[in-house]
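Okay, here's what each chain looks like letter by letter:
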Amino acid sequence: MNLLERAELAPADPILGLTEAFVRDTRTDKVNLGVGVYLDEAGAIPLMAAVGEAERRIVAAAAPHGYVPIDGLPAFRAAVRPMVFGEDAPVLERVATVQTVAGTGALKVGADFLKQLNPSARVLISDPSWENHRALFTRAGFPVDSYRYYDAEARGIDLDGMLADLRAAVPGTVVVLHPCCHNPTGYDLSPEQWDQVVAVLAERELFPFVDMAYQGFAEGLAQDGAVVGKLVDAGVAFMVGTSYSKTFGLYGQRIGSLSVVCADADEAARVLSQLKICIRTNYSNPPAHGARIVSTILGDQGLRTMWEDELTTMRNRIASLRKLLVKGLEAQNIVDMGFIAEQRGMFSYSGLGPTQMERLREEHGIYGTNTGRMCVAALNHDNVGRVAQAIAAVRA
Ligand code: LMR
């Protein structure tokens, strides 16, 4: 018997599978709004100036390529912790932090560790959520349900539904939260709404898992990470996975971190030792280059300022692209999509259905996910008119 005969052909990934199809598409005016990648006016992924300079310094240092410790490059871990928790935050003495293979790696290491601690726990993700959340936590062995989040009719957040679903969850349930730039909807909780959510998480003894992939893409580094401080103040144990893919333009370097907020330093040491086992038995230890870039930038005042300025430019440009798309749609007599300018982060939940998204792809070479999500950070002055025209055509 050939064991491998049992392998069935899996469907393409709902996000990265689109990029595969986009690459195969021979049309020259195709537009990829499928994956969450920021593109410049020329339609290319920019190399941030701070990243380029950090790389020059790294290459000049000509360090050999030794192993990175299981829990990551020490300089990287030290540099990212204040960014996630605030400069000199007292909580840091009871936080275990490891370098991870980007944000997805942080989710998987965290999920494996939580499964080991609480095998009967359930996971709650927002409805809707990042396409990979359900698959990742299911693969880690958890039953995955969702809490209400997006109110399609009101084009906003169903806060009452969200609070009710969290109140109904049993203690120990892992709750995956998007701190800013909600993926896929682009609708974020206000600070006051976060207060209410955090109060329920604490009261019901739920376990928050903050998935932070876009810190700095909504309002600013501190504002976008504010929920982390609220959870610390509430005195709950929780995890934060952070991706540096988007904010540093380091997609292919797979650089991220996972921080676990514990009750005290002794607990943090024990947690760190377990996270190291999750890593060691999975991929042994993380890659070095992305960690060197991020720690070089965050550890040098000049480079840090340069990077923060570039991040601000990206944030402002995404906001202006949103307005540009709304204007382009208005020029096509579409006046009910002004909400695109109010959403935040890389994505817009357009309200288009799967058939319309398929037509956008097949007839116009414009790629977005079947849920109607479009990456507005991939628009530019050249392609926005065509995108608006195509949306008008599939809505007609
Ligand atoms: C996205 O949502 O498009 C990004 O986070 C890329 C990915 O890995 O799915």
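Refer to the preceding data block for the structure.
In this text the structure is predicted, and so the values were computed from the model without any measurement. (Residues numbered from 1 in each chain as written. Predicted model: local features only at pLDDT ≥ 70, side-chain atom pairs only at ≥ 80, totals over all residues. Heavy atoms only, no water.)

Asks: What should I look at first to understand the environment of Glu310 in this one?
Replies: As for its position among the elements, Glu310 is in helix 12 (residues 301-331). Along the sequence, Glu310 and Phe248 sit 62 residues apart, while their C-alpha atoms lie 9.1 Å from each other. Setting aside its immediate chain neighbours within four residues, Glu310 contacts Met48, Ala49 and Ala50. (Helix = DSSP H or I, 4+ residues; strand = E, 2+ residues; numbered from the N terminus. Contact = heavy atoms within 4.5 Å.)

Asks: What should I look at first to understand the side chain of Ser350 in this one?
Replies: Note that Ser350 resides in the loop between strand 11 (347-349) and helix 13 (354-364). A distance of 3.1 Å separates a polar atom in the side chain of Ser350 from the backbone nitrogen of Leu352. Separated by 2.7 Å, the side chain of Ser350 and the backbone oxygen of Gly372 make a polar contact. Once you skip the residues sitting within four places of it in the chain, Ser350 turns out to touch Arg155, Met337, Phe339, Met357, Gly372 and Met374. (Polar contact = N/O pair within 3.5 Å; in protein donor to acceptor, adjacent residues only side chain to side chain.)

Asks: Just to check I follow, could you spell out the packing of helix 13 against helix 14 (residues 384-395) for this structure?
Replies: Angle between the axes and distance between the axes: these two values describe a pair of packed helices. Relative to each other, helix 13 and helix 14 sit at 125 degrees, their axes nearing to 9 Å. When the interaxial angle is binned, helix 13 and helix 14 end up oblique. Where helix 13 crosses over helix 14, the two elements pack in a sense that is right-handed. Of the residues in helix 14, those touching helix 13 at Gln356, Arg359, Leu360 and His364 are Arg386, Ala390, Ile391, Ala393, Val394 and Arg395. Residue composition of the contact of helix 13 with helix 14, grouped by class: five nonpolar, two polar and three charged. (Axes fitted to C-alpha atoms, helices over the stretch in contact; angles between N-to-C directions. Parallel < 35°, antiparallel > 145°, perpendicular 65-115°, else oblique. Left-handed = near helix turned anticlockwise from the far one by under 90°. Nonpolar A, V, L, I, M, F, W, Y, C, P; charged D, E, K, R; others polar.)

Asks: Help me understand the packing of aromatic side chains in this model?
Replies: We describe a pair of aromatic rings using the distance from one ring centre to the other and the angle between the two ring planes. As enumerated under the stated definition, the model contains ten aromatic pairs in all. Taking the centre distance of 6.0 Å and the plane angle of 80 degrees together, the rings of Phe137 and Phe209 count as edge-to-face. Separated by 72 residues along the polypeptide, Phe137 in helix 5 (residues 131-139) and Phe209 in strand 8 (residues 207-212) bring together distant segments of the chain. When its relative accessible area of 0% is taken as the criterion, Phe137 is described as buried. With centroids separated by 6.4 Å and ring planes inclined at 50 degrees, the aromatic side chains of Tyr214 and Phe217 adopt a geometry described as tilted. The class of Tyr214 is buried, set by a relative accessible area of 6%. Through successive ring pairs, a cluster of aromatic residues spans Phe76, Tyr244, Phe248 and Trp307. Arg155 extends its terminal NZ or CZ atom over the ring of Phe339, reaching a point 3.9 Å from the ring centre. Positioned over the ring face of Phe347 is Arg373, at 3.7 Å from the centre of the ring. (Phe/Tyr/Trp six-rings, centres within 6.5 Å; stacked < 30°, edge-to-face > 60°. Buried < 20%, exposed > 50% of the residue type's maximum accessible area, 1.4 Å probe, protein only. Lys NZ or Arg CZ within 6 Å of the ring centre and 35° of its normal.)

Asks: Quick question: what am I supposed to make of a nonpolar patch on the surface here?
Replies: On the surface, a cluster of nonpolar side chains totalling about 420 Å² of accessible area is made up of Met1, Leu3 and Leu4. Mapped onto the elements of the fold, Leu4 is located in the segment before helix 1 (16-24). The exposed category is assigned to Leu4, whose relative accessible area is 67%. (Patch = residues over 30% accessible without salt bridge, like charges linked within 9 Å, V, L, I, M, F, W, Y side chains within 5 Å. Areas by Shrake-Rupley, 256 points an atom, 1.4 Å probe, with all protein chains shown as cover. Salt bridge = Lys/Arg side-chain N within 4 Å of Asp/Glu carboxyl O.)

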